[in-house]
Amino acid sequence: MPAASTEASTRVGAGSDTTVPSPSSTPSASPAASAAPAAAPDTRVDLGTPAYRRMSLALFLAGVATFALLYSTQALLPLISASYGSSVSDVSWTVAAATGGLALFVIPMSALSERFGRRATMTGAVAVAVGIGLVVPFAPSLGVLVALRAVQGAALAGLPASATAYLAEEVRPRALITAIGLYVAGNSVGGMSGRVLTGWVAQEWGWRVALAVLGVLAVACAVAFRMLLPEPKHFTRGSLRPGVVVRTVRDHLGNPLLRRLYAIGALFMTVFGGVYTVIGYRLTQEPFSLPQGVVGSVFLVYLVGTVSASASGRLVGRFGRRGTLYLSGALTAAGLLVSLSDRLPAVLLGLVLVTGGFFAGHSAASSAVSGTALHGRAQAAALYQSAYYVGSSVGSTVGAVAFHAAGWGGTVAVGLLAVAGVAGITLLGTLAARRPAVAA
């Protein structure tokens, strides 16, 4: 989405350097025209300013807390299976319930964000989520653990849609892709640190202590986030009336470009959810037989996602949105195929490619959503997040079932089908862009 069109959609005339001629220089101008006010300066945050750095750090930490909590059980699934005597498909619900809860509640939470403000909604969401994170380690049964994780995911739903809407309102268009990329990079750091930390702690003291330590880390991130995040200056209060929300959602779903972006986010996350839910089981089995701490350290691969998410703005600038999506899909598919090897270095290389491709594609798609929506940005972002986390729930569940039935090759097959879907939908966008009067 060109920066100019994004600018027009958010603040008419913002940033314009056009001056209104004075009456003396335009004697034929009408009194109404000569009295027209000059365009207001754009007061949104720009790249490189102290406010931009503070905002970016706050949302980076929010991303760390979100992903650390949302996927806190993923690296621990083999230990949780042994503790409760449950199968891989049953225990995978500790991940699917959290992402499913987020997917179901992200649209209602976005409506609260439109009414009560982005910062208030994000603060409440992260406070409830970290509170539940301190209770989760004491779950007496798998059923209670899954229920707590579902509620935790529902609470976290207030963060993702509000964060991208906050950035779209408070940051200048030319800085938006980079700002959202940094937020997504925080997601990757949270996912990595949570899994690495829990892996090593669980190896020494068990999975319950590991989740407790992660909960304390999330509390620290939440406090720092609230202290750093600037008060919004460009928020316009919306309506909580169901009819207004339904019309806004219907408008977004009627936009062909947004529909394609929602589907792309879901399919990318289907791959990622399936791969990272199952990889712990694969690496603890033959021929690898890695201990839990080493398996947790494998998630250091998430650092690749931090880099690729942060670089997504440059990739879109060089290759365009669709070019970046094609590249991301190709990297993800290549990583899936390489990971079929029974050699550990090849498996790790495959994870690097899958992770880099996923985060670059996710950043490009999510930033395009924020730039495309002409109104109700929280709902537009919420629909993307809902589709995205539905993809995560499907990927983690179907990927686990496929692994149980056909081994790692089954999980890879599910991922390749999802990548083929990304390529096909992006191709539809490319063809639509070549037709006159059709939005790309």
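The structure presented is a predicted model; accordingly, all values stated were derived computationally and were not measured.

(A) Up close: the packing of helix H16 (residues 312-338) against helix H19 (residues 408-433). At a minimum axis separation of 10 Å, H16 and H19 run at an interaxial angle of 165°. Relative to H19, the element H16 lies roughly antiparallel. Crossing of H16 against H19: the hand is left-handed. Between H16 and H19, the contacting residues are Arg322, Leu325, Tyr326, Gly329, Thr332, Ala333, Leu336 and Leu337 on the first element and Val412, Gly415, Leu416, Val419, Ala423, Thr426, Leu427, Gly429, Thr430 and Ala433 on the second. Here the contact of H16 with H19 is composed, by residue class, of 11 nonpolar, six polar and one charged.

(B) Region of interest: helix H4 (residues 77-84). Where H4 is concerned, the buried positions are Leu77, Pro78, Ile80, Ser81 and Tyr84. For H4, the buried positions fall inside an angular range of 165° around the axis, keeping them on one side. Elements that come into contact with the buried residues of H4 comprise helix H5 (88-91), helix H6 (93-116), helix H8 (142-156), helix H11 (207-228), helix H13 (256-284) and helix H14 (292-297). Glycine 85 sits one or two residues past H4 and shows a positive phi near 65°.

(C) Spotlight on a nonpolar patch on the surface. Together, Tyr326, Leu427, Leu428 and Leu431 line one region of the surface with nonpolar side chains, adding up to about 360 Å² of accessible area. For the nonpolar patch, the leading source of residues is H19, giving three residues. Along the polypeptide, leucine 431 turns up in helix H19.

(D) Representation of unusual backbone geometry. For the bond running from glutamate 286 to proline 287, omega is 5°, close enough to zero to count as cis. Take proline 287: it is sitting in the loop between H13 and H14. Even without being a glycine, serine 289 presents a positive backbone phi close to 50°. Relative to the assigned elements, serine 289 resides in the loop between H13 and H14.

(E) Spatial organisation of the pattern of salt bridges. Scanning the model with the defined rule gives two salt bridges in all. The closest approach of N and O atoms between arginine 118 and glutamate 169, which form a salt bridge, is 2.4 Å. Highlighted residues: arginine 118 in helix H7 (residues 118-135) and glutamate 169 in helix H9 (residues 160-170), separated in sequence by 51 residues. Of the charged contacts in the structure, one is a salt bridge between aspartate 342 and arginine 282, with a shortest N-O distance of 3.5 Å.

(F) Molecular detail of the nonpolar core. With 119 residues, the main nonpolar core has Leu59, Leu167, Phe225 and Tyr276 as its most contacted residues. In terms of residue count, H13 provides more of this core than any other element does, 16 residues in total. When neighbours within four sequence positions are excluded, leucine 59 is seen to be in contact with Met122, Ala163, Tyr166, Leu167, Tyr183, Phe225 and Leu229.

(G) Geometry of the packing of aromatic side chains. This model, assessed by the stated rule, comprises nine aromatic pairs. With centroids separated by 4.7 Å and ring planes inclined at 85°, the aromatic side chains of tyrosine 388 and tyrosine 389 adopt a geometry described as edge-to-face. Residue classification places tyrosine 388 among the buried residues on the basis of a relative accessible area of 1%. Since its relative accessible area comes to 2%, tyrosine 389 is described here as buried. Ring pairing ties together the aromatic residues Phe272, Tyr276, Phe358, Phe359, Tyr384, Tyr388 and Tyr389, which thus form one cluster.

(H) Region of interest: the environment of valine 151. Tracing the sequence through the fold places valine 151 in helix H8. Separated by 19 residues in the primary sequence, valine 151 and isoleucine 132 place their C-alpha atoms 8.1 Å from one another.

(I) Spotlight on the confidence of the model for the protein chain. When pLDDT is averaged across the protein chain, the result is 81; 86% of the residues are at 70 or more. Looking over the protein chain, one finds the lowest element-wise mean pLDDT in helix H1 (residues 3-10), namely 36, and the highest in H8, namely 94. Between residues 1-34, whose pLDDT stays under 50, and residues either more than four places distant or in other chains, the model counts 35 contacts.

(J) Structural detail: the side chain of arginine 119. In this fold, arginine 119 is placed in helix H7. Given the relative accessible area of 15%, arginine 119 is considered buried. In this structure the side chain of arginine 119 is engaged in a polar contact, spanning 2.9 Å, whose partner is the backbone oxygen of leucine 229. The contacts of arginine 119, once residues within four sequence positions are left out, are Arg226, Leu229, Pro230, Glu231 and Pro232.

(K) Here's a closer look at the environment of glycine 320. Structurally, glycine 320 can be placed in helix H16. With 44 residues separating them along the chain, glycine 320 and alanine 364 place their C-alpha atoms 9.3 Å apart.

(L) Region of interest: the side chain of serine 392. Mapped onto the elements, serine 392 comes out in helix H18 (residues 377-406). Apart from residues no more than four positions distant in its own chain, serine 392 is found in contact with Tyr71, Thr99, Met269, Thr270 and Gly273.

Definitions and limits used
Residues numbered from 1 in each chain as written. Predicted model: local features only at pLDDT ≥ 70, side-chain atom pairs only at ≥ 80, totals over all residues. Heavy atoms only, no water. Axes fitted to C-alpha atoms, helices over the stretch in contact; angles between N-to-C directions. Helix = DSSP H or I, 4+ residues; strand = E, 2+ residues; numbered from the N terminus. Parallel < 35°, antiparallel > 145°, perpendicular 65-115°, else oblique. Left-handed = near helix turned anticlockwise from the far one by under 90°. Contact = heavy atoms within 4.5 Å. Nonpolar A, V, L, I, M, F, W, Y, C, P; charged D, E, K, R; others polar. Buried < 20%, exposed > 50% of the residue type's maximum accessible area, 1.4 Å probe, protein only. Arc of directions from axis to C-beta. Patch = residues over 30% accessible without salt bridge, like charges linked within 9 Å, V, L, I, M, F, W, Y side chains within 5 Å. Areas by Shrake-Rupley, 256 points an atom, 1.4 Å probe, with all protein chains shown as cover. Salt bridge = Lys/Arg side-chain N within 4 Å of Asp/Glu carboxyl O. Core = buried A, V, L, I, M, F, W, Y, C linked by side-chain atoms within 4.5 Å. Phe/Tyr/Trp six-rings, centres within 6.5 Å; stacked < 30°, edge-to-face > 60°. pLDDT = per-residue confidence, 0-100. Polar contact = N/O pair within 3.5 Å; in protein donor to acceptor, adjacent residues only side chain to side chain.

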